[in-house]
Amino acid sequence: MSFDIPVGLTDLLQEFTVGVLREKPRDLIQYAADYFNRLNDNRQENGLGLPGLPKGVRFEAPTQNGDGETVDSDVDDEEPEPPKNRFMRRKSVSAERYDPEADEDDGEATAVFPKSDEQRKSLNEAVKHILLFKSLELEQMQTVIDAMFEKKVEPGFHVIDQGDDGDNFYVILSGTYDIFVEIEGKPKCIGNYDNQGSFGELALMYNMPRAATIVATSNGTLWAMDRSTFRKIVLKNAYNKRKMYETLLENVPMLSTINPYERMNVADALHSKTFEDGDVIIKQGDTADCMYFVEDGEVRITMTNVNDPDTEVELTRCTKGQYFGELALVTHKPRAASVMAVGKTKLAVLDVDAFERLLGPCMEVMKRNIDEYEEQLVRMFGSKSNISDLR
């Protein structure tokens, strides 16, 4: 039997394990409860709920005192210690929490660092699989690319040090890097990066000290983005994306059976895709891999007779707030109809894995939709035998 490992699970459990080894809690169950509750609280306070965790995400674990009680390590009232080496920056004393809702656009232009066409191409390739950037529009992605600056490193260079303030987010273009966590006063290597990956976003997202030390083990090149730009572009966009999708989903009757938290998770799993007039969104007979919600525009749903491709019947149209493509995911059968864009159309896409994970409470509603769909076809084509000829 084989199992699909959810995106981010390995990194999440690795960080939890590191916290356990470092803190050695007496009550492991209580420690785990505090750890994950704190992680969830931080996500919700910052208006974020990204699905899964991209490689390199580091969560600062809660610490316990000698009595086994969990204590808050966000604020340190003592003066920071002097740097241990020339690469270390000051330790975190306190940091403001970022509130995307209160962050109004001040009109200040984002810094631009000139790049060659070759550099832009390689950077685009390096960031396209980073989860945090997947919801960015093309223009926003180009702003991200513009705002990144190059950083060359040599073997032994400390890119970040555990306990420091977060200053930059890093994307690896080349080079190898070891990940160290201090356990019982000694650094322990818990992993590495090999010419790809990203790291450093946690401290910028949640105002938490660096949870690990990253040391270059070869010559390499990093692309970095400063804290202010990261928050202004990436975090605020993630917040705005969630609010937009939550508003869209609130008006979907099928989702009336799920609670606000479940709806938030669905919103976090969505990503936008734009189609031009006449583009084929779904082709009859194809394997189903996602469903769609209409953000803006209109689509037409048609069915053809497999024995006579020239025979096409328009079944219905969907406009803003409506959805389609879910029936094939419920029945696990090929697409029963084709869908085409009418004018420029923007859709929110929910892939099959997220669909099965998040929309369990809606399954009965969707199964009823199948019956209604069959009844509609019977009215149009006269009998179920005629319907089977169309598929």
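Check the entry above for the structure.
This structure is a prediction, so every number in the text was calculated from the model and none was measured.

K.L.:
What's the story with the sheet that holds strand β9 (residues 213–216) in this structure? I'm lost.
P.N.:
Two modes of strand pairing occur in sheets, parallel and antiparallel, and in both the strands are linked by backbone hydrogen bonds. Strands sit in the order β4-β9-β6-β7 across an open sheet of four strands; the sheet is antiparallel. Strands with a single pairing partner mark the edges of an open sheet, and in this sheet they are β4 (158–160) and β7 (186–194). Pairwise comparison of adjacent strand axes, ignoring direction, gives a mean angle of 30° for this sheet. When strand β6 (residues 176–183) meets β9, the two strands line up antiparallel, connected through four bridges. The residue bridging Ile 179 from the neighbouring strand is Ile 214, located in β9.

K.L.:
Even after reading the chapter, I still don't get the environment of Leu 136, so can you show me in this structure?
P.N.:
Looking at the secondary structure, you find Leu 136 in the loop between α3 (117–127) and α4 (138–147). Put simply, Leu 136 and Lys 241 are 105 residues apart on the chain and 9.0 Å apart in space, counted from C-alpha to C-alpha. The residues contacting Leu 136, other than those within four sequence positions of it, are Met 141, Val 144, Ile 233 and Asn 237.

K.L.:
Can you walk me through the packing of aromatic side chains in this structure?
P.N.:
Two measures describe an aromatic ring pair: the distance that separates the ring centres and the angle between the ring planes. The tally for this structure, following the rule as stated, stands at eight aromatic pairs. Plain terms: the ring middles of Phe 113 and Phe 149 are 5.4 Å apart, the flat faces sit at 50° to each other, and that makes the pair tilted. Of this pair, Phe 113 sits in the loop between β2 (70–71) and α3 while Phe 149 sits in strand β3 (residues 149–153), placing them 36 residues apart in sequence. Phe 113 gets classed as partly exposed once you look at its relative accessible area, which sits at 33%. When its relative accessible area of 23% is taken as the criterion, Phe 149 is described as partly exposed.

K.L.:
Would you mind going over the environment of Thr 257 with me for this structure?
P.N.:
Structurally, Thr 257 is set in the loop between α6 (227–250) and α7 (260–269). The exposure class of Thr 257 is partly exposed, given its relative accessible area of 42%. Separated by 107 residues in sequence, Thr 257 and Glu 364 place their C-alpha atoms 9.8 Å apart.

K.L.:
Would you explain the packing of α4 against α6 in this entry?
P.N.:
Taken N-terminus to C-terminus, the directions of α4 and α6 make an angle of 160°; their axes are 10 Å apart at the nearest point. Between α4 and α6, the interaxial angle falls into the category roughly antiparallel. Note on packing geometry: the crossing formed by α4 with α6 is left-handed. Contact residues: Gln 140, Thr 143, Val 144 and Ala 147 in α4; Thr 229, Ile 233 and Asn 237 in α6. Of the residues assigned to the contact of α4 with α6, the class counts are three nonpolar, four polar and no charged.

What counts as what
Residues numbered from 1 in each chain as written. Predicted model: local features only at pLDDT ≥ 70, side-chain atom pairs only at ≥ 80, totals over all residues. Heavy atoms only, no water. Pairing = 2+ DSSP bridges. Helix = DSSP H or I, 4+ residues; strand = E, 2+ residues; numbered from the N terminus. Axes fitted to C-alpha atoms, helices over the stretch in contact; angles between N-to-C directions. Contact = heavy atoms within 4.5 Å. Phe/Tyr/Trp six-rings, centres within 6.5 Å; stacked < 30°, edge-to-face > 60°. Buried < 20%, exposed > 50% of the residue type's maximum accessible area, 1.4 Å probe, protein only. Parallel < 35°, antiparallel > 145°, perpendicular 65-115°, else oblique. Left-handed = near helix turned anticlockwise from the far one by under 90°. Nonpolar A, V, L, I, M, F, W, Y, C, P; charged D, E, K, R; others polar.

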